[in-house]
Amino acid sequence: MRDHSLAVDLGRMTEVDAATAVARAIQQTLACARVNFWNVSGTVGQRQMRRVTGYDGRAGRVLSEPLVLQETTGEFFKRLYDSGCYVCPDTASDPLLREIFRTYLQPTQGLTMIVAAFYVDERVWGMISCVHDAARRWTGAEITALRKCASELSRRRARMLDC
């Protein structure tokens, strides 16, 4: 991830290209179906998740199509903000994901999920989601690895704002 950040800083890669490369690396390392990078914007209760890029390991392709998901109850973002990470072993039965399950996770066969937030000025600026299409238990090492990636993005955003 740091190599890609350096390539961005040197003008050798765009941020989206770097995020795509990192999404692919995360997907391969965690052996999950899909990894997406999301930007979060809007006011509480009306936030949107906008996909920046992603990688689908099952199809072997970059996910560059625009996708916007609307906040529903706000509880998902509250939990994500409070803990920095949200782990869901069964997206179909999770009450916080009811709407997103119906509109996005079910049609794309997202059965289990880990989401880690990255921050700017103590607010969730974006997130990385890892989704799998079969039952699985996310390990502590997998959760920690995703949280480290999100933490690195938070540090990078903070450095960019300080310049």
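Residues numbered from 1 in each chain as written. Predicted model: local features only at pLDDT ≥ 70, side-chain atom pairs only at ≥ 80, totals over all residues. Heavy atoms only, no water.

Undergrad: Any chance you could explain the overall build of the protein chain here in plain terms?
TA: For the protein chain, the helix and strand inventory stands at five helices and seven strands. Secondary structure of the protein chain in N-to-C order comes out as α-α-β-β-β-β-α-β-α-β-β-α. Out of the 163 residues belonging to the protein chain, those deemed buried represent 46%. A fraction of 53% describes how many contacts in the protein chain between residues 6 or more apart in sequence connect residues 24 or more apart. Put simply, the protein chain shows about 8,800 Å² of open surface, and 53% of that area lies on carbon and sulfur atoms. (Helix = DSSP H or I, 4+ residues; strand = E, 2+ residues; numbered from the N terminus. Buried < 20%, exposed > 50% of the residue type's maximum accessible area, 1.4 Å probe, protein only. Contact = heavy atoms within 4.5 Å. Areas by Shrake-Rupley, 256 points an atom, 1.4 Å probe, with all protein chains shown as cover.)

Undergrad: Mind showing me how you'd approach the pairing of strand β1 (residues 34–41) here?
TA: Successive residues of a regular strand alternate their side chains across the two faces of the sheet. Along β1, seven of the eight residues are buried, which leaves the element largely enclosed by surrounding structure. Judged from the eight bridges that link them, β1 and strand β2 (residues 48–56) form a sheet pairing that is antiparallel. From the neighbouring strand, Val40 faces β2, where its bridge partner is Met49. The hairpin formed by β1 and β2 contains six residues between the paired strands, and Gly42 there has a positive phi angle of roughly 105°. Here β1 pairs with strand β7 (residues 123–132) via six bridges, running antiparallel. Of the residues in β7, the one forming a bridge with Phe37 is Ile128. (Pairing = 2+ DSSP bridges.)

Undergrad: How do you make sense of the side chain of Glu142 when you look at a structure like this?
TA: Mapped onto the elements, Glu142 comes out in helix α5 (residues 140–162). Within the structure, Glu142 has its side chain in polar contact with the backbone nitrogen of Thr139 (distance 2.8 Å). Here Glu142 is in contact with Leu30, Arg136 and Arg137, once residues within four sequence places are set aside. (Polar contact = N/O pair within 3.5 Å; in protein donor to acceptor, adjacent residues only side chain to side chain.)

Undergrad: Quick question: what am I supposed to make of helix α2 (residues 15–30) here?
TA: Turn by turn, an α-helix covers 3.6 residues, leaving residues three or four places apart pointing in a common direction. The end-to-end C-alpha distance of α2, which contains 16 residues, comes to 22 Å, matching closely the 22 Å that a straight helix rising 1.5 Å per residue would cover. All of the buried residues along α2 are Ala18, Ala19, Thr20, Val22, Ala23, Ile26, Gln27 and Leu30. Just beyond α2, the residue with positive phi is Ala31, at close to 50°. (Expected span 1.5 Å × (residues − 1).)

Undergrad: I would appreciate a short explanation of the packing of aromatic side chains in the present structure.
TA: The way to describe two aromatic rings as a pair is by their centre distance and the angle between their planes. For the structure shown, the criterion picks out five aromatic pairs. The interplanar angle of 90° and the centroid separation of 6.0 Å between the aromatic rings of Trp38 and Tyr104 together place this pair among those described as edge-to-face. Taken together, the residues span a long stretch of sequence, with Trp38 in strand β1 and Tyr104 in helix α4 (residues 98–105) at a distance of 66 residues. Each member of the pair, Trp38 together with Tyr104, is buried. Ring centres of Phe76 and Tyr86 lie 5.3 Å apart, and the angle between their planes is 80°; this geometry places the pair in the edge-to-face category. Pair noted here: Phe76 is in helix α3 (residues 75–83) and Tyr86 is in strand β5 (residues 85–88), with a separation of 10 residues, a long-range link. A connected cluster of aromatic rings, assembled from ring pairs, spans Phe76, Phe77 and Tyr86. Over the ring of Trp138 we find Arg136; its NZ or CZ atom is 3.9 Å from the centre of that ring. (Phe/Tyr/Trp six-rings, centres within 6.5 Å; stacked < 30°, edge-to-face > 60°. Lys NZ or Arg CZ within 6 Å of the ring centre and 35° of its normal.)

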